[in-house]
Amino acid sequence: MLLEVSALKKMYRRRGEEFAAVDHVDLKVETGEFVGIIGKSGSGKSTLLNLIAGLLEPTEGTILFNGISYEKMTVNEKSHFRNRKIGFIPQGKSLLNNFTVIDNLRMPLYIFKNKHDAASELLFAEDLLEKIGMKKLADEYPKNLSGGEQRRVAIARALIQLPDLLLADEPTSDLDEVTKKEVLRLFKLFHNSGKSLIMVTHQRDSLELADSVYKMESGVLNEINEKKAARFC
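One structure accompanies this document, and this report is about it. It should be emphasised that the depicted structure is a prediction, and the values quoted were computed from it without experimental measurement.

Quick word on the pattern of salt bridges
Step number 1: Under the criterion given, the structure shown has 11 salt bridges.
Step number 2: For Lys28, the salt bridge identified is with Glu4, shortest N-O distance 3.9 Å. Of the two residues, Lys28 is situated in strand S2 (residues 17–29) and Glu4 in strand S1 (residues 3–14); the sequence distance between them amounts to 24 residues.
Step number 3: For Glu4, a relative accessible area of 24% translates into the label partly exposed.

Pasting the structure below:
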């Protein structure tokens, strides 16, 4: 089992009252599985992804990645682990404005030195840019890119370390149909390589490639029949 989430809970306080953004969630993801999670804004989808990525600490529950618990890791160990094993595509714009496309893409390699030398890393990054149709824009800055182009670079950056699990938070929101299909094509290539993917979205048509589909509502996660998934939004 690649990922096993058990009785996960995240509490917040708002206007003097506590509420569960994630409420006793159980989720298992096999190696090579594509999991889709749908739900309305504010249902807890993003909070769940941030917990799985180790960016938030749960109030209760456990997360096991290949049998390893986050609870036993220090902050630095968790950062190293996430950088090597998990690719994370946050919602909205996430590129660093003062860095070029190629430098944004290589940022995970700069932060935690890879086993490859700089020349090999550059060649790999350029090859990845070519695969997403962005090689000609390698030296451009994010401000000169369209929203769809920025999203593709963010996806490539999440893949630069060849992670075992890719977490995508609303990756197709605010994209035109052509760009949306290109983004889903990249996910299909990643999935077909035997890797695992969890994508949260409110767009039901983005889940056609998912092996299993869940719906999140008020912090509660429930699996739904794939054939019925199109009824939810």
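Text resumes after the structure shown.
Remarks on the packing of helix H3 (residues 101–111) against helix H5 (residues 147–159)
Step number 1: Their axes nearest at 7 Å, the elements H3 and H5 cross at an angle of 30°. For the element pair H3 / H5, the angle class is roughly parallel. The handedness of the crossing between H3 and H5 is right-handed. Mapping the contact onto sequence places Val101, Asn104, Leu105 and Pro108 in H3 and Val153, Ala156 and Arg157 in H5.
Step number 2: Taken together, the residues of the contact of H3 with H5 break down into 5 nonpolar, 1 polar and 1 charged.

What counts, and at which threshold
Residues numbered from 1 in each chain as written. Predicted model: local features only at pLDDT ≥ 70, side-chain atom pairs only at ≥ 80, totals over all residues. Heavy atoms only, no water. Salt bridge = Lys/Arg side-chain N within 4 Å of Asp/Glu carboxyl O. Helix = DSSP H or I, 4+ residues; strand = E, 2+ residues; numbered from the N terminus. Buried < 20%, exposed > 50% of the residue type's maximum accessible area, 1.4 Å probe, protein only. Axes fitted to C-alpha atoms, helices over the stretch in contact; angles between N-to-C directions. Parallel < 35°, antiparallel > 145°, perpendicular 65-115°, else oblique. Left-handed = near helix turned anticlockwise from the far one by under 90°. Contact = heavy atoms within 4.5 Å. Nonpolar A, V, L, I, M, F, W, Y, C, P; charged D, E, K, R; others polar.

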